[in-house]
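One letter stands for each residue in the lines below.
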Amino acid sequence: MRKRRCGGVPLVMAAFLLAATGCKQSTPEKSQASAAAVPEKILIGATLPLTGSEARIGGFYKEGYDLAFEEANKPGGVLVGGKRIPVALQLLDDTSTQATAVSLADRLINVDKVSFLLGTYSTALVQAQAGVPEQNRVPYVNGGGAATEIFRQGYKYNFGLLAPVELLADAIMRWIDVQQKAGKLPKPAVIAVLWENTSHGKDFRKGVSQFAAAHPGDYKIAVDESFELNAKDFSALLNAVKAAKADMVLADAHLPDYITMQRQYVTAGMCNKVLSYGARGSEKQAADGLGQKNVNYVLSAVWWNYQLGSKGLNKHFVEAFRAKYNRQPEWYQALGYETARVLFVAIEQANSVDREAVRAKLAAMDIESILPGGRLTFPADKGQQAHYPFVVQQNMPDGSSPIVYPADVANSPGVAPNPDCKG
Amino acid sequence: MARGLELLLSAILLAGLYATMAYGLGLIFGVLRIVNLNHGGTIMAGAYLGWWFHEHAKIDPYLSLPMVAAFSFGVGVIIYRGLVRHLPRGAAGGAQSLLLLFGVWLVLRNAAYFWFTGNEQVIRTEYSTTAVVILGSALSVNRLIVFAIAALLLVGLHLLLTRTYFGKAVRAVAQNADSCTLAGVHVEGIYTLTFGIGSALAGIAGLLLGTLFTFNPSFGGAELLKSFVIVVLGGLGSVPGTAIAALILAMVEVFAILVLPAYLTGAVGFVLLVLVLIFRPGGLFGHRVLG
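Per chain, the residues get numbers from 1 upward, laid out in the order the sequence is written. Starting at A for chains and at 1 for ligands, labels are handed out in the order in which the entities are written. Given that this is a predicted model, residues contribute local features only at a pLDDT of at least 70 and side-chain atom pairs are listed and counted only at 80 or more, while totals for whole chains, interfaces and linings are drawn from all residues.

Some thoughts on the overall build of chain A
Worth spelling out the cut-off: Only DSSP runs of H or I with at least four residues qualify as helices, and only runs of E with at least two residues qualify as strands; both kinds are numbered from the N terminus onward. Between the two quantities, the radius of gyration covers C-alpha atoms and the globule rule is 2.2 Å times the number of residues to the power 0.38. Buried, partly exposed and exposed are defined by the number of other C-beta atoms within 10 Å of a residue's own C-beta, namely 20 or more, between the two limits, and 12 or fewer respectively, with C-beta atoms placed from the backbone. Residue pairs are scored as contacts if the distance between their C-beta atoms, which are placed from the backbone, is within 7 Å.
Looking only at helices and strands, chain A has 14 helices and 16 strands in total. For a compact globule of 423 residues, the expected C-alpha radius of gyration is about 22 Å, and chain A comes in at 23 Å, within 12% of that figure. Here chain A holds 423 residues, and the buried ones make up 52% of them. Nonlocal contacts in chain A, meaning residues at least 24 apart in sequence, comprise 67% of its contacts between residues at least 6 apart.

What follows is the structure, encoded as structure tokens:
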């Protein structure tokens, strides 16, 4: 495919003008036209952080993608125009860096000529990458970016499966509210909110603050502090929590900060009626690194939990994952799997590989899903970010982390206040 | 008052950690005039070595200190003899040494990703979450041990540099390597040993950090940056200066929470660095760094 030439200017200026004057605008139109015909196979591009700081989780997402592609190709591919078309994944390693994620997305669209894009993992990478498919008018389905900031840009081609972190905080607060109404927690309950200084952390703080504001007299936020990622010393922060005599510590942290902060928390002899680290808490590495007794009763809320897998699509996914990988899936693999599956469904619903037709089907999507709540939509008024209830789980002394909220899927009522706290 | 005392004790223990991180970088910087960008890589390698000894050989991390130090020393010597010594001396080799050592760091980091994956690791011992109460404050046993080791290293390094022939030679080479050659000092030998000792100190710091924090192959970057701030703050060629700079930085960071949001406390050190470079470019206790 030839691009219109912008001759007569130096190379650097030409590159700049290309972006500014819209030389690239011809590309998506042409590719749409060619993509509308039914091809021999459907090439779908994706980048994941397979090396670098997010390599571990990037590997988990890859497992989800691989399983979804394997399942789609088992009957011969996705059904388009009355025949089965195989789907192929062109997966590149974005090395956990934003610049690479952006340039590889551009390469996938303009060099490898993929028809659609699946997203990478982590808010920072998705945030950086989402602009590329938007400029090129390529549907971009991602299950790795949760910050609402990504979906406030007015993008039309970006569809997110991770519900916003505000809802994560909201789910934890709802469980706490049930415990408070049952008389297990004081009223008003004094809260310390500690959040990492990222868009993830800001959304968490917003969720807690909004819930507390909506329940005046029930909750009082006494400490509201953020911290830098990978901090070396939380003692000053924990001192502030101690001084405020907080009943509950609600923190939002990534795994390294969770382990470091919890180690200092335990060493300082602290114990609060409720303790949460947002999406972190049930990781095996934390129990290994801190000792099971030091992570007991920690609450966490996640986008999916394998304990949802007792019926329907969830049962199928959990069994298929176990058969392929011989272990339980975590929410990362589930989101990877569902992200790819949703795109396949949209292609089949559109009965075409035309990007605009598939985008329209994604925008109007309302399907059964493995995600909590059982339905998946991409509401336009939420910037096409899926909204569904989080699954709240709590660590128990036997090493399990049963679901404690929402009530319809809970397999334990949960424990509050923390019985290990003296006095 | 009680909170102030708790913050003071936290700052003192944090200073021990910072000083341990910075000694190796300061020594190499002071003698070879090289910013060892692989300092972060060696810290990461030290953490993984300690973890490996603990997980696979069941050796307590503090008992494996000599082995980690010896290994890091050996790696430092190899890097110096194999790579660094071939670079031009002085300002001419500055940019090359930065690029070279950054490259070594990248190789180490990716080797660690290959062998250990990107998983977070942690060294957990029986006493990882044990505390002792001092002046009404619960202090982590691990942090107290790290502080004690930092103090021992300070005394040991100071004695080595001031009371031994080797130390005098190191200081002489740092001042004027050409004159030392005329006086019969084996300058290349001093450089090699200094680079080895600096690397050993970084390895020790990595192991000590590994007993307190989680780590993965990307570990070491923030530690390198903080070490650099301390070395510049303390001044070149001054071991006690490094220790005092670490104490000042820790105090400022910890007490900053009383007037600043917690996420800004980490930036306070860099503001301090800028101020020192403007008003006292030689550092608080050393010689001029620039010019």
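Here the narrative resumes, following the displayed structure.
A look at unusual backbone geometry
Residues and elements named next belong to chain A. K187 connects to P188 through a cis peptide bond whose omega is -5°. Tracing the chain through its elements places P188 in the loop between α7 (165-181) and β8 (189-196). Cis geometry is found at the peptide bond from A416 to P417, where omega equals -5°. For P417, the location among the structural elements is in the segment after β16 (403-405). Positive phi values are uncommon outside glycine, yet S96 reaches one of about 65°. With respect to the element layout, S96 can be found in the loop between β4 (87-93) and α4 (98-110). On the basis of neighbour count, S96 is assigned to the buried category, with 24 C-beta atoms found within 10 Å.

With respect to the sheet that holds strand β11 (residues 274-276) of chain A
All names here are of chain A. Heads up, the condition is: Two strands qualify as a pair provided that DSSP identifies no fewer than 2 bridges between them. Lines are fitted to the C-alpha atoms to define the axes, a helix being fitted only along its stretch in contact, and any angle between axes, read from their N-to-C directions, falls within 0 to 180 degrees.
Across the sheet, which stays open at both edges, the seven strands sit in the order β9-β8-β10-β11-β12-β15-β16 with mixed pairing between neighbours. Each having just a single partner strand, β9 (219-227) and β16 make up the two edges of the open sheet. Each neighbouring strand pair of the sheet contributes to a mean axis angle of 25°, computed without reference to strand direction. The sheet contact formed by β8 and β9 spans eight bridges and is parallel. Across the sheet, V193 pairs through a bridge with D224, a residue of β9.

Examining the nonpolar core
Going by this rule: Put simply, a nonpolar core is buried Ala, Val, Leu, Ile, Met, Phe, Trp, Tyr and Cys residues tied into one set by C-beta atoms within 7 Å. How far each domain reaches was decided by an automatic or database domain assignment.
Ranked by size, the top nonpolar core spans 220 residues in total, and within it A:I172, A:V392 and B:Y18 carry the most contacts. Here this core gets 17 residues from one element, more than from any other, and that element is helix α1 (residues 2-32) of chain B. Taken domain by domain, the makeup of this core includes at least three residues from each of domain 1 (37-163 + 310-382) and domain 2 (166-302 + 391-405) of chain A. Residues contacting A:I172, with those up to four places away along its chain left out, are A:L250, A:S276, A:L299, A:A301 and A:V392.

Considering the pairing of strand β1 (residues 42-48) of chain A
Note on strand geometry: in a regular strand, side chains alternate between the two faces of the sheet. Residue and element names in this part refer to chain A. Burial runs high along β1: six of the seven residues are buried. In this structure, β1 lies alongside β4, joined through seven bridges in parallel fashion. Across the sheet, A46 pairs through a bridge with L91, a residue of β4. Sheet analysis places β1 next to strand β5 (residues 116-118), joined by three bridges and oriented parallel. If you follow A46 over to β5, its bridge partner there is L118.

Points about the confidence of the model for chain A
Residues and elements named next belong to chain A. Our working definition: One confidence number per residue, pLDDT, is output by the predictor and ranges from 0 to 100.
Per-residue pLDDT for chain A has a mean of 89; in total, 91% of the residues score no lower than 70. Mean pLDDT across the elements of chain A ranges from a minimum in helix α1 (residues 11-21), with 39, to a maximum in β5, with 98. Note that residues 1-35 has pLDDT below 50 and, in this model, 26 contacts with residues that lie over four places away or in other chains.

With respect to the interface of chain B and chain A
Worth spelling out the cut-off: Any residue that is not Ala, Val, Leu, Ile, Met, Phe, Trp, Tyr, Cys, Pro, Asp, Glu, Lys or Arg is counted as polar, Gly included; the first ten are nonpolar and the last four charged.
At the interface, 28 residues of chain B touch 34 residues of chain A. Mapped by element, the contributors of at least two residues to the side of chain B that touches chain A are α1 and β2 (137-140) of chain B. With five residues, α1(B) is the largest single contributor of residues to the side of chain B that touches chain A. Broken down by class, the residue content of the side of chain B that touches chain A amounts to 13 nonpolar, eleven polar and four charged.

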